[in-house]
Amino acid sequence: MDMNRASQDEKLIDDILRLQQGEEMLREDLIRQLNPFLIHVISRVTGRYVDAHNAPEYSAGLEALSDALDRFEPDRGNFLSFVSVLVRNRVLDGIRQENRHGNTVPLEGVLEETLASPEDFTERLSLKDEIQRFSRILDQWGIAFDDLPESSPRHRDTRESMQKLSVEIWKDPVLMESFRNRRRLPRKEIHRKLGVSDRVLTAHRSYVTACVLLLDSGLEEIRQYLLPSEVNRDAEKSPDSGNTK
Amino acid sequence: MLRKALILEIRSKYALALNDRQEFVRLAKKPGMVVSREVWYTPEDLYRKSRVIPVPVRLAAVAAAVLLVLVSGLLIPGGDPAAAVAAVVSVDMEPSVQLELDRELKVIGVRVLSDGGELPEEETLRGGSLQEALDRILPDSPDNPEDSTVLFGITVLDESLGEEQLEEICRGALIRAQHSPVHSGVLSVPADSLTGAGSRGLSSGRYQIWLDTQEDETGENPAEDPEERLEEIRNAPVGKLVRENARVRSLDKNVPGPPAGVNPGPPVPEKPEREEGGADPEPVQQEQGDDDEKAPDSGSPGPGGTDGSGRAGGENSGSGNR
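Values in this document were obtained by computation on a predicted structure and should not be read as measured data.

Caption draft 1: Fine view of the sheet that holds strand 5 (residues 87-92) of chain B. All names here are of chain B. One open sheet accounts for 6 strands, arranged 7-6-5-8-9-10; its pairing is mixed. At either margin of the open sheet sits one strand with a lone partner, and together these are strand 7 (107-112) and strand 10 (249-250). Across 6 bridges, the pairing between strand 5 and strand 6 (residues 96-101) is antiparallel. In the sheet register, Ser90 faces strand 6, and the bridge partner there is Gln98. Relative to strand 6, helix 3 (residues 130-137) is tilted by about 170°, and along the sheet it contacts strand 5, strand 6, strand 7 and strand 8 (149-156).

Caption draft 2: Expanded view of the packing of helix 8 (residues 173-182) of chain A against helix 9 (residues 187-194) of chain A. All names here are of chain A. Remark: helix 8 packs on helix 9, axes separated minimally by 10 Å, with the N-to-C direction vectors making an angle of 165°. Considering their axes alone, helix 8 and helix 9 lie roughly antiparallel with respect to each other. In this structure, helix 8 crosses over helix 9, and the sense of that crossing is left-handed. Residues Val174, Leu175, Ser178 and Arg182 of helix 8 pack against Glu189, Ile190, Lys193 and Leu194 of helix 9.

Caption draft 3: Local environment of the packing of aromatic side chains. Residues and elements named next belong to chain A. One pass over the full model with this rule turns up 7 aromatic pairs over all chains. Judged by centre distance (6.1 Å) and plane angle (40°), the rings of Phe72 and Phe82 are tilted. You can see Phe72 sitting in the loop between helix 3 (56-71) and helix 4 (79-101) and its partner Phe82 sitting in helix 4, a full 10 residues away along the chain. Take Phe72: its relative accessible area is 5%, and that puts it in the buried class. Phe82 gets classed as partly exposed once you look at its relative accessible area, which sits at 24%. An aromatic cluster of three or more residues is present, and its members are Phe72, Phe79 and Phe82.

Caption draft 4: Fine view of the packing of helix 7 (residues 156-171) of chain A against helix 11 (residues 205-217) of chain A. All names here are of chain A. Put simply, helix 7 and helix 11 touch, their axes get as near as 9 Å, and they point 45° apart. For the element pair helix 7 / helix 11, the angle class is oblique. The element helix 7 and its partner helix 11 pack so that their crossing is right-handed. Residues Arg159, Met162, Gln163, Leu165, Ser166, Val167, Ile169 and Trp170 of helix 7 form the contact with helix 11, whose own contacting residues are Tyr207, Val208, Cys211, Val212, Leu215 and Asp216. Here the contact of helix 7 with helix 11 is built from residues that sort into 10 nonpolar, 2 polar and 2 charged.

Caption draft 5: Structural context of the pairing of strand 2 (residues 14-19) of chain B. Residues and elements named next belong to chain B. Burial analysis of strand 2 places 6 of its 6 residues in the buried class, the great majority of the element. Every second residue of strand 2 is oriented toward a common face, with Tyr14, Leu16 and Leu18 on one face and Ala15, Ala17 and Asn19 on the other, all of them buried. Strand direction decides the pairing type here: strand 1 (residues 3-10) and strand 2, joined by 5 bridges, are antiparallel. Note that in strand 2 the partner of Glu9 across the bridge is Leu16. Linking strand 1 back to strand 2 in an antiparallel pair, the connection comprises 3 residues. Taken together, the 5 bridges between strand 2 and strand 3 (residues 24-28) define a ladder with antiparallel strand orientation. The partner of Ala15 across the bridge, within strand 3, is Leu27. Hairpin connection, strand 2 to strand 3: the antiparallel pair is bridged by 4 residues, and Gln22 has positive phi, about 60°.

Caption draft 6: Quick look at the environment of Leu215(A). Residue and element names in this part refer to chain A. Position of Leu215 among the secondary structure elements: in helix 11. Given the relative accessible area of 2%, Leu215 is considered buried. Considering only alpha carbons, one finds Leu215 and Trp170, 45 residues apart in sequence, at a separation of 7.2 Å. Sequence-distant contacts of Leu215, that is, excluding residues within four places in its chain, are made with Ser166, Val167, Trp170, Arg223, Leu227 and Ala235.

Here is what the cut-offs are and how they apply
Residues numbered from 1 in each chain as written. Chains lettered and ligands numbered in written order. Predicted model: local features only at pLDDT ≥ 70, side-chain atom pairs only at ≥ 80, totals over all residues. Heavy atoms only, no water. Pairing = 2+ DSSP bridges. Helix = DSSP H or I, 4+ residues; strand = E, 2+ residues; numbered from the N terminus. Contact = heavy atoms within 4.5 Å. Axes fitted to C-alpha atoms, helices over the stretch in contact; angles between N-to-C directions. Parallel < 35°, antiparallel > 145°, perpendicular 65-115°, else oblique. Left-handed = near helix turned anticlockwise from the far one by under 90°. Phe/Tyr/Trp six-rings, centres within 6.5 Å; stacked < 30°, edge-to-face > 60°. Buried < 20%, exposed > 50% of the residue type's maximum accessible area, 1.4 Å probe, protein only. Nonpolar A, V, L, I, M, F, W, Y, C, P; charged D, E, K, R; others polar.

By themselves, these observations are geometric and do not establish any function.
Okay, structure coming up:
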């Protein structure tokens, strides 16, 4: 996408200066705008992915970003470089403090996790359990997680079509019976009943199979991740056609 | 572009994950990855299988790269041969300078084309952005405020860049210059003019003006020697070139148009006539700029949420494809 980077930079600086002059309502908007950059810096500093839900380094980074918005002076250099320095220092300070106070907990002698709360730990265990069960279900259909990236539709429209197709297959008792008996998608019947081209179905076979299995499995948490909310709502309208647990 | 992904399985070199666009992806393995954790990632984090390239092919590729560097070093004097030139902006005033830019619009090459005036050290311009370079080049107080004129010649070599983008940067620099030039203009210079300009030691802007005069040889002096004309243009004050050439677009609304008798420029479209007995023709709609800036994607609202960016294109990289 062709962007007018120069005018975007100017607008950013203008907004920062206005914030410094008292327009506090701009802070949230600026932080939201700069969030991708912040996460990128944190990830580079720590050498890890930033946890989307529980990341003390992300909190430290947010504080540093907010500080940078208050302290930045345009004639002293580039804003993003300034932010990078502040965020880096704050995140590294935070890590050093954590190590000093021993806040990390070894798990199974191999993994280390920073525990935010017991509830967080329980939720994670529950989701982890569902993921493992989903993996076993896929295995029964000859599919591994490693097969799914190539099968995932890249285009949004195609992906939505395949998700909706999965719901249609799951709602159809005849198709589902054939699916369970043969341990694979009944392509000819799908093509005849639902009009989906064989070429498209072949290209995304594993992805569609995974979606159908998920709908049929009762694994509610992971289903929220794989199927968007409107597809889930559509699926919930029809009676359960049984599951493959 | 930032995305969120749920980690499903961890392998020796990568992890399988499900992202917030309901795509399965492979993420490069990093410390601290845990199954069921949701993490933020960027396209750079996607795992790409390294392909084994046979040694003879690798050697041939290295030899070709070295040859290319040597050849491009000869063709782009004063520039950094290792960086690809994505655009060239010439700035004609006193003196004239030509800036070579990479895709990030950073200055990678500087050529001073005439004497006179004061220029910042070439080294202080290299590595900085185009905006910074122009801010340094444009004079704070011109020697002759009455006749201070700047002509920008813009050549885009990389399709990912837009001429309008560069023009905006030039316009911004003019506004920021302490003493804005009285006249200013911009000219689009095709890529194939650059070599000719370079060989004649002219800025791309002046060279293009000369080429335009050659094409327009239907005037009163068709027999004028092209080389004489070239020298006239080389030595002409920038103000004269901007005022007298209709192809130069103004960057300043206060710049007067070309005087009468000089090339009037392309014909102005006629106002549509009202048909007898019919309704008024539709007024010509002025194109409005897109005021809505699209905010950078900061991730979807949560599990099951759809991505509103509408971007087509996935991120699967199992076979090394983007």
